[in-house]
Amino acid sequence: MGTLIRNGSAHFEDKNVYASNVMPQKIRPTAEGLSSRSSMTWQSSVYRSIKIVIFSTKLNLLMPFGPLAILVHAFSGHNGWVFFLCLLGITPLAERLGYATEQLAFYTGPTIGGLLNATFGNATELIIGIYALRNGMTRVVQLSLLGSILSNMLLVLGCAFFAGGLVFYRKEQVFDKASATVNSGLLLMAVMGLLFPAVLHFTHTEVHYGKSELALSRFSSCIMLVVYAAYLFFQLNTRKDSYVPLTEVGYCSKLKADDDEVPEITKFETIVWLSIMTAWISILSEYLVDAIEGASLAWNIPIAFIGVILLPIVGNAAEHASAIMFAMKDKLDISLGVAIGSSTQISMFGIPFCVVVGWIMGEPMDLNFQLFETATLFITVIVVAFFLQEGTSNYFKGLMLILCYMIVAASFFVHEDPSSERGPKT
């Protein structure tokens, strides 16, 4: 019996020894396993990020036109086709740049997110403007920024009002008048900043001819940048809840839904995609700017029409789609923020920023947008301010804004810019 017990215990000890020798081999990870697992995780993360950023929207089908524009420029040199293909190629990049900025705002908070929005919200227009300034094409910079304001205020807002009015044709859609009034005031201040240099130039009342106009423009630009910074601080900190229309159940539901939203990509991925999109837009913008004059000659279209009407299509494609989508969901405050907010950004931040950049580069970029262009902007701001004063919208108001934009487009099609680098038509 004792022998049996000893044999049994010895047999049990043998099993324990065997188990102690075998079990650690089953659970001990190897270096190769860790390496392959981390490699698979990294690959799946990259694949997921590319799938979300590149393949989540049909607008990205236009991305191949960017490399195609470079190939056409290299082998044929046809500026008309290069310009057209660059327009198509930059359009989805501008939309994805806005998406990456929104994702980064999840990690930075509202204040830094507002500053990022001011920087990257109209980054496409600013990049094109900087390349045009570097080439000495200050007039193209003025026309493209002016066209972006006109496009947002008339075409984008008009299409939003029209589409929302057709979906909700039995009622008038409402939006917050307080926010619209503040943005209208900022736009009128921008008009004032552009009006005085033009009046000073055309009345020939400068103290120092050719210098006072430029000095006034640079001083006014610095003031406008300070005002825009104060506006951001006021909106994001001092009275960040003052423009929330509490009577609108739909908008309040949107605010609650926004609180539950989470970012779709990581912070590192967001920074990487911002860098990639900005670099690619910069490359295509250089080809776009170089092809403007050639496209004007090839198509027999004034540079003023290209700058005011065609170039804003690139930067405003994403805003156009977003404004219409939110208006059709009866979230008109968001549509108004997209259209009028973008116009405010360009007029109070984009234009003075380009003046300061031109100052640094030694280029005489000023706020004298010429009499015809300044008058067009002034009338547009007044018309839109009248449409916004009631705080309601319908499809008829949207139709009138769209038709107003068609009048503006036709006016610039027959307008020959006196200061165009292309010179008079032959």
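Residues numbered from 1 in each chain as written. Predicted model: local features only at pLDDT ≥ 70, side-chain atom pairs only at ≥ 80, totals over all residues. Heavy atoms only, no water.

Asker: Got a minute to help me understand the side chain of Lys 397 in this structure?
Answerer: Note on placement: Lys 397 falls in helix 14 (residues 395-413). Of the polar contacts made by the side chain of Lys 397, one reaches the side chain of Glu 390; its length is 3.3 Å. Among residues more than four places away in sequence, those in contact with Lys 397 are Phe 161, Phe 387, Glu 390 and Thr 392. (Helix = DSSP H or I, 4+ residues; strand = E, 2+ residues; numbered from the N terminus. Polar contact = N/O pair within 3.5 Å; in protein donor to acceptor, adjacent residues only side chain to side chain. Contact = heavy atoms within 4.5 Å.)

Asker: In this structure, what is going on with helix 7 (residues 177-202)? I would like to understand it.
Answerer: For an α-helix, the turn length of 3.6 residues means that residues three or four places apart are oriented alike. Given a rise of 1.5 Å per residue, 26 residues ought to cover 38 Å, and the 36 Å separating the end C-alpha atoms of helix 7 matches this to within 8%. Its side-chain oxygen at 3.5 Å from the backbone nitrogen of Ala 178, Asp 176 defines the N-terminal cap of helix 7. Two residues or fewer after helix 7 comes His 204, characterised by a positive phi angle close to 55°. (Expected span 1.5 Å × (residues − 1).)

Asker: Can you walk me through the side chain of Gln 142 in this structure?
Answerer: Tracing the backbone shows Gln 142 in helix 6 (residues 138-167). Using a relative accessible area of 5% as the deciding quantity, one classes Gln 142 as buried. Among the polar contacts made by the side chain of Gln 142, one reaches the main-chain carbonyl oxygen of Asp 366 at a distance of 3.0 Å. Excluding residues that lie within four positions of it along the chain, Gln 142 makes contacts with Met 365, Asp 366, Asn 368 and Phe 369. (Buried < 20%, exposed > 50% of the residue type's maximum accessible area, 1.4 Å probe, protein only.)

Asker: Looking at this model, I keep getting lost on the pattern of salt bridges. Mind explaining?
Answerer: Any two side chains of opposite charge can pair, given that their charged atoms come close. In this structure the tally under the stated criterion is five salt bridges. Linking Arg 139 and Glu 373 is a salt bridge whose minimum nitrogen-to-oxygen distance equals 2.9 Å. Taken together, the positions of Arg 139 in helix 6 and Glu 373 in helix 13 (residues 371-388) put the pair 234 residues apart, joining distant regions of the chain. On the accessibility criterion, Arg 139 (4% relative accessible area) is buried. (Salt bridge = Lys/Arg side-chain N within 4 Å of Asp/Glu carboxyl O.)

Asker: For this particular structure, what's the right way to read empty space enclosed by the protein?
Answerer: Remark: the empty space left among the atoms is shown by a probe the size of a water molecule rolled over them. Under the definition given, this model contains one cavity of 30 Å³ or more. Of the voids in this model, the largest cavity is the one considered here, and its volume is about 50 Å³. Residue classes in the lining of the largest cavity are distributed as three nonpolar, three polar and one charged. (1 Å grid on protein atoms, 1.4 Å probe; cavity = no way out; pocket = protein on both sides within 12 Å on 5 of 7 lines; lining within 4 Å. Points joined across faces, edges and corners; volume = space filled by probe spheres on them. Nonpolar A, V, L, I, M, F, W, Y, C, P; charged D, E, K, R; others polar.)

Asker: What exactly am I supposed to notice about unusual backbone geometry here?
Answerer: Where the residue is not glycine, phi is negative for most of them; where a peptide bond is considered, it is trans in most cases. The phi angle at Asp 330 is positive, at roughly 60°, despite the residue not being glycine. Mapped onto the secondary structure, Asp 330 falls in the loop between helix 11 (303-328) and helix 12 (332-361).

All quantities given are derived from atomic positions and should not be read as evidence of function.
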